[in-house]
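Topology and contacts: notes
Single-letter residue listing:
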Amino acid sequence: MRKLLTTIFSLFLLISTASTLEWGGTLNNISKISGNKFEDLKLDQKDNIKLWLRVPISKDGRTYFATEGMYQFENIFATETILNSLDLSLCKFTTQFDINDNQLNLSAGRFFVTDATATVFSQASDGLFASFITDKISTSLYAGYTGLLNASMTTILHDPKVSYTYDTKSLYPLCAKYIPLGLSLTVNNLFLNQTGLVECWDFFDVNANSTNYNRFYATASLNGPLASFIFYNLAGTLGSENFTNLSLLTSLDFRFFFKFLNSNLKVNGIYASGNNGSFSAFRTFTRNTAYMANGEPEYSAFTKMGLSYSIKPIEVLQILAGADVVFTCPNESFTYNGIQVTGNITYQMFYDVRIVLSAEFYFAQKQSDNNNTITASAVIAF
């Protein structure tokens, strides 16, 4: 307790004496209408306020403290449920050092962390991060802990044999306890301006009622330009649970950039193994939505192929449209599941006011899996 009070007091002195303290916030309104049938759509309303603070510690600004907190009010009209949440999504100390012509970056605290695919592990986490960057290579190391996160803001996939629940009425229910460890190596200009990466993530179950549901992932990726206006990204991830099985996630996308209306075209494909041959069903650590079918399926036992096109007719307006076809593969066979169509309009009305309108429709082989979602959001920054 004495160490904690000393740390808090020191931090208070640091903030109070900072001459270039920066702060701000946003007001967010999100209205979401969704449902299996158009005549049975349900409304979900969220309003939140976010406040952020940045305190430069060194004169060059490379050493600083930053934090961001949020209060959210949610009204789920279909079930007449009111939810209130508090969250601290960012609270970190960061510093940089120059070592000859190289750079060492160090961060400690709570901040957003993602793996190379932005699929396996993509969330805020408490921990330590270090990276060493040279002209040719960069390496990074991360070690963290999830048990102090807000369970209502971060969804972790647990052992499917064990149920994990928390008090949804609580302002700040604590997350399940895992220790994530990550190590990556990136090689720039591996050949012909291509970038190669290898990465490993381990997640150790340290819950009180632990079933030792430990997960391990190894990723390799290659990306770069094929021409001045064509870029690609190829990635493959092998996953395992307690080294008792092996699963696979692969993705490939091409992006074409055009001068016409600052537009770009993206063609992509992704595969997550089910129980296919020697592979088991792939599961991520962070819960992510793979496609927009009813129930928002996770990244497991499916293949998705599609394209999207984005244009920016004027500086303050961006329009995006896309479509994907989805096949599921829970076992040896691949079965057509459905087609999803998405659209998004972002209007930056003023520098500090942004309005977003998005629509997502999933037309499934099974009508019960259909899903229609329309979302309108407005953000005011101050």
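Just so you know, these numbers come straight off a predicted model, no measurement behind them. (Residues numbered from 1 in each chain as written. Predicted model: local features only at pLDDT ≥ 70, side-chain atom pairs only at ≥ 80, totals over all residues. Heavy atoms only, no water.)

Secondary structure assignment for the protein chain yields one helix and 18 strands. Relative to a compact globule of 382 residues, whose C-alpha radius of gyration would be 21 Å, the protein chain shows 22 Å and is just as compact. A principal-axis box enclosing the C-alpha atoms of the protein chain has dimensions of 60 × 55 × 55 Å. Across the protein chain, every contact between residues at least 6 apart in sequence was considered, and the portion connecting residues at least 24 apart equals 50%. Total accessible area computed for the protein chain in this model is approximately 20,900 Å², and 63% of it derives from carbon and sulfur atoms. Between the averaged position of the 26 positive side-chain charges in the protein chain and that of its 30 negative side-chain charges there is a distance of 3 Å. (Helix = DSSP H or I, 4+ residues; strand = E, 2+ residues; numbered from the N terminus. Rg over C-alpha atoms; globule rule 2.2 N^0.38 Å. Contact = heavy atoms within 4.5 Å. Areas by Shrake-Rupley, 256 points an atom, 1.4 Å probe, with all protein chains shown as cover. Lys, Arg positive; Asp, Glu negative; His and termini not counted. Charge placed at Lys NZ, Arg CZ, Asp CG, Glu CD.)

Taken as a whole, the second largest pocket holds about 290 Å³ of empty space. Around the second largest pocket, the lining is made up of 20 residues, and of these T114, F129, S140, S184 and E199 lie nearest the centre. Counting residues per element, the ones that place at least two in the lining of the second largest pocket are β5 (102-114), β6 (122-133), β7 (137-145), β8 (178-191) and β9 (194-205). At five residues, the largest contribution of residues to the lining of the second largest pocket is made by β7. Residue classes in the lining of the second largest pocket are distributed as 11 nonpolar, eight polar and one charged. (1 Å grid on protein atoms, 1.4 Å probe; cavity = no way out; pocket = protein on both sides within 12 Å on 5 of 7 lines; lining within 4 Å. Points joined across faces, edges and corners; volume = space filled by probe spheres on them. Nonpolar A, V, L, I, M, F, W, Y, C, P; charged D, E, K, R; others polar.)

Evaluation of the coordinates by the stated rule reveals 19 aromatic pairs. With 5.2 Å between their ring centres and 90° between their planes, Y178 and F285 make a pair best called edge-to-face. Of this pair, Y178 sits in strand β8 while F285 sits in the loop between β13 (264-272) and β14 (302-314); the two residues are 107 residues apart in sequence, bridging distant segments of the chain. The pair Y178 / F285 is uniform in exposure class, with both members buried. When the ring centre of Y64 is taken as origin, the NZ or CZ atom of R54, which lies over that ring, is 3.9 Å away. (Phe/Tyr/Trp six-rings, centres within 6.5 Å; stacked < 30°, edge-to-face > 60°. Buried < 20%, exposed > 50% of the residue type's maximum accessible area, 1.4 Å probe, protein only. Lys NZ or Arg CZ within 6 Å of the ring centre and 35° of its normal.)

Let us look at the nonpolar core. Judged by nonpolar contacts, the single largest core of 29 residues is most densely connected at F121, W201, F203, Y291, F302 and Y362. Those residues in contact with F203, other than ones at most four positions away along the chain, are V120, F121, I179, P180, Y213, N214, R215, Y217 and F285. (Core = buried A, V, L, I, M, F, W, Y, C linked by side-chain atoms within 4.5 Å.)

As a further point, take the side chain of R283. With respect to the element layout, R283 can be found in the loop between β13 and β14. At 3.2 Å, the side chain of R283 forms a polar contact with the side chain of E298. Sequence-distant contacts of R283, defined by excluding residues within four places in its chain, comprise L157, H158, P160, Y213, Y217, E241, E298 and Y299. (Polar contact = N/O pair within 3.5 Å; in protein donor to acceptor, adjacent residues only side chain to side chain.)

For the rest of this paragraph, the subject is the pattern of salt bridges. Side-chain pairs of opposite charge can arise whenever the charged atoms involved come near each other. According to the stated counting rule, one finds seven salt bridges in the structure shown. Where R62 meets D60, a salt bridge forms, and the shortest distance between an N and an O atom there is 3.5 Å. Look at D60 and you get exposed, because its relative accessible area is 53%. In this structure, R283 and E298 form a salt bridge, with 3.2 Å as the shortest nitrogen-oxygen distance. Of this pair, R283 sits in the loop between β13 and β14 while E298 is found in the loop between β13 and β14, placing the two residues 15 residues apart along the sequence. Relative accessible area serves as the criterion here: at 16%, R283 is assigned to the buried category. One network of salt bridges, in which partners are shared, links D60, R62 and D98. (Salt bridge = Lys/Arg side-chain N within 4 Å of Asp/Glu carboxyl O.)

Moving on: empty space enclosed by the protein. On inspection of all chains with the given rule, the structure shows one cavity of 30 Å³ or more. Roughly 40 Å³ of volume is contained in the largest cavity. Going through the elements one at a time, β10 (215-227) and β11 (230-241) are the ones with two or more residues in the lining of the largest cavity. With three residues, β11 is the largest single contributor of residues to the lining of the largest cavity.

A few words on the pairing of β7. By the alternation rule, side chains of β7 split into S138, S140, Y142 and G144, which are all buried, and I137, T139, L141, A143 and Y145, of which none is buried. Here eight bridges tie β6 to β7, and the two strands are oriented antiparallel to one another. Counted as the bridge partner of D126 is Y145 from β7. In the sheet, β7 pairs with β8 via seven bridges, with the strands oriented antiparallel. Its bridge partner being in β8, S138 is matched across the sheet by T186. (Pairing = 2+ DSSP bridges.)

Before going further, it helps to spend a moment on unusual backbone geometry. Positive phi outside glycine occurs at E80, with the angle close to 55°. You can see E80 is positioned in the loop between β3 (64-76) and β4 (81-99). Residue N262 is not a glycine yet carries a positive backbone phi of 50°.

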